[in-house]
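# Structural description and commentary
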Amino acid sequence: MIRHAIFPKLIFVSLLFASAAFAQQPSNGPSVSVVGSPEVVVKSGGTATAKLTFRVNPGFHVNSNKPNSELLIPTTLKLSPPSEVMIANITYPAGEQITFPFSPDEKLSVYSGDFHVTALVRTAKGTPTGRFRVHGEIKFQACNDRQCFPPKSTPIEFDVAVQKSAAAGKHRRNPAQSPHIKG
Amino acid sequence: MKRNAIILAVLVLIVAAMLYSGRFFQRRPAGADATPGMQGSAEQIKGKQAPEFELLDLNGKTVKLSDLRGKAVLLNFWATWCSPCKTEMPWFVDLQQRYGNDGLQVVGIAMDDAGKDAIEKFAKEMNVNYTVLLGKNAVAESYGGVEFLPTTFYIDRQGKVQERVFGIADRKEIEENVKRILASPAAGSAPAHTVAHDNQQTLHASPGVNR
């Protein structure tokens, strides 16, 4: 009977320790991470837009892609697609123009919280269907209200699901509604 | 079966306890003003002899910390991409101007990859009148690893680190620290006189970088 009581208690205490440990996960420095697991669906020979949401951890900001001074390091995204996928037109949002306590006379163009970067994903005609992984990295330089951190790069990845092109389909029910542009 | 479950639970408990203690000790702050990351080793440096370094200035001349023995040194790690560092620079220019004759030497160690020309151009634009050195990671490491900027060390006339400040500081706090290190006695000499200048003195920044 006693043994029966000890076992669930042990499990409970273990879980308590484990959750406490992970609750203490330090937010040592700044980070920019991709939100979710983005996937882009594109028809073979077509184009689609990849919308990647990035999150700056609380308390920090990063320079936008077009900071207000040439000395400031912009946030940039570099993508290295596999040979089956082409990436073009990486588009960044405008930064928020914010004044910080450390520089009350100067506005900085920054991202904080979530921001979205888009890129055009294109596949050539005849690209085989399947799932392809695009690797890349986001480079950023972050600060908080008192200090700045050296430039940092974080690897990112997302999947491109290439589907059979509309033209190749034998049983197209309503081709006029296809949202994809043929490349 | 029941025995195996208890052994498993005990193992899970041990692992969880190890995780918990690991996180706990990782997060213990070493100083109230410290940001997690570098503070542990930087805290240890306080009160100790400042690590010696040899770095090139903007003229290509080697500068050693020991060359400045007997002076009070404000050692500031900065970078051209660091906006809070930029805010502090005119304050340092002012302090160098006002307290230079009393034995203050401000030394800025540039910790970026912008290259000498860009650093020099920036320093000129900021009317820097103090020594600017081209930083090396090894020097930053010897000071506890400068993981963020600005980071400032106040080194007294005996070469001991009296204070270190992470991030931008209040201007008054900077001046108080400068007065403290100026008041420290030089090695083997009588205590230096207390510095009490007029804080309202107008800034007349000299053009160009200190050579």
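Here's a quick rundown of the structure. Each residue is numbered by its place in its chain's sequence as written, counting from 1. A letter from A marks each chain and a number from 1 marks each ligand, given out in the order of writing. A pLDDT threshold of at least 70 governs which residues receive local features in this predicted model, and a stricter bar of 80 or more applies before side-chain atom pairs are shown or counted, although totals over entire chains, interfaces and linings include all residues.

Our focus in this paragraph is the overall build of chain A. The secondary structure listing takes helices from DSSP runs of H or I that are at least 4 residues long and strands from runs of E that are at least 2 residues long, numbered from the N terminus. Helix and strand counts for chain A come out as 1 helix and 12 strands. Overall, chain A shows an N-to-C arrangement of helices and strands of α-β-β-β-β-β-β-β-β-β-β-β-β. Burial status across chain A gives 31% buried among its 183 residues. Taking contacts inside chain A between residues at least 6 apart in sequence as the whole, the part at least 24 apart equals 73%. Here a residue counts as buried when 20 or more other C-beta atoms sit within 10 Å of its C-beta, as exposed when there are 12 or fewer, and as partly exposed otherwise, the C-beta atoms being derived from the backbone. Contact between two residues is assigned whenever their backbone-derived C-beta positions fall within 7 Å.

Residues and elements named next belong to chain A. Two strands pair if DSSP finds at least two bridges between them. Read from one edge to the other, the open sheet built from 4 strands follows the order β2-β12-β10-β5, with strand pairing classed as mixed. Two strands close off the open sheet at either side, each with one partner strand: β2 (39-43) and β5 (76-80). Sheet twist, expressed as the average angle between the axes of neighbouring strands with direction ignored, equals 30 degrees. Note: strand β10 (residues 130-140) against strand β12 (residues 152-163), 11 bridges, orientation antiparallel. Note on β12: the bridge partner recorded for glycine 130 is valine 162. Axis definition: a line fitted to C-alpha atoms, over the contacting stretch in the case of helices. Angles run 0 to 180 degrees between N-to-C directions.

Next up on the list: the pairing of strand β5 (residues 131-134) of chain B. Note that strand β4 (residues 104-110) of chain B and β5 of chain B share 4 bridges and pair parallel. Along β5 of chain B, the bridge assignment pairs isoleucine 109 of chain B with leucine 133 of chain B.

Another point: the sheet that holds strand β11 (residues 142-143) of chain A. Residue and element names in this part refer to chain A. Read from one edge of the open sheet, 4 strands run β7-β8-β4-β11, paired in antiparallel fashion. Strand pairing shows two members of the sheet lacking a second neighbour, β7 (96-100) and β11, which therefore form its edges. Of the pairings in the sheet, the one linking β7 to strand β8 (residues 103-111) comprises 5 bridges and is antiparallel in character. Its bridge partner lying in β8, isoleucine 98 is registered against leucine 108.

We define a nonpolar core as a collection of buried residues of the types Ala, Val, Leu, Ile, Met, Phe, Trp, Tyr and Cys that are connected via C-beta atoms lying within 7 Å of each other. Counting 84 residues, the largest nonpolar core has Ile109, Leu149 and Val178 of chain B as the members making the most contacts within it. Once you skip the residues sitting within four places of it in the chain, isoleucine 109 of chain B turns out to touch Leu55, Leu75, Asn76, Phe77, Leu133, Gly135 and Val139 of chain B.

Glancing now at unusual backbone geometry. Note the cis peptide between leucine 149 of chain B and proline 150 of chain B, where omega equals -5 degrees. Looking at where proline 150 of chain B falls in the secondary structure, it is placed in the loop between α5 (137-142) and β6 (151-155). The phi dihedral of asparagine 89 of chain A falls on the positive side, at around 50 degrees, and the residue is not glycine. Tracing the backbone shows asparagine 89 of chain A in strand β6 (residues 86-91). Look at asparagine 89 of chain A and you get exposed, because 11 C-beta atoms sit within 10 Å. Even without glycine at this site, asparagine 127 of chain B takes up a positive phi of about 55 degrees.

That's the geometry; what it means functionally is another story.
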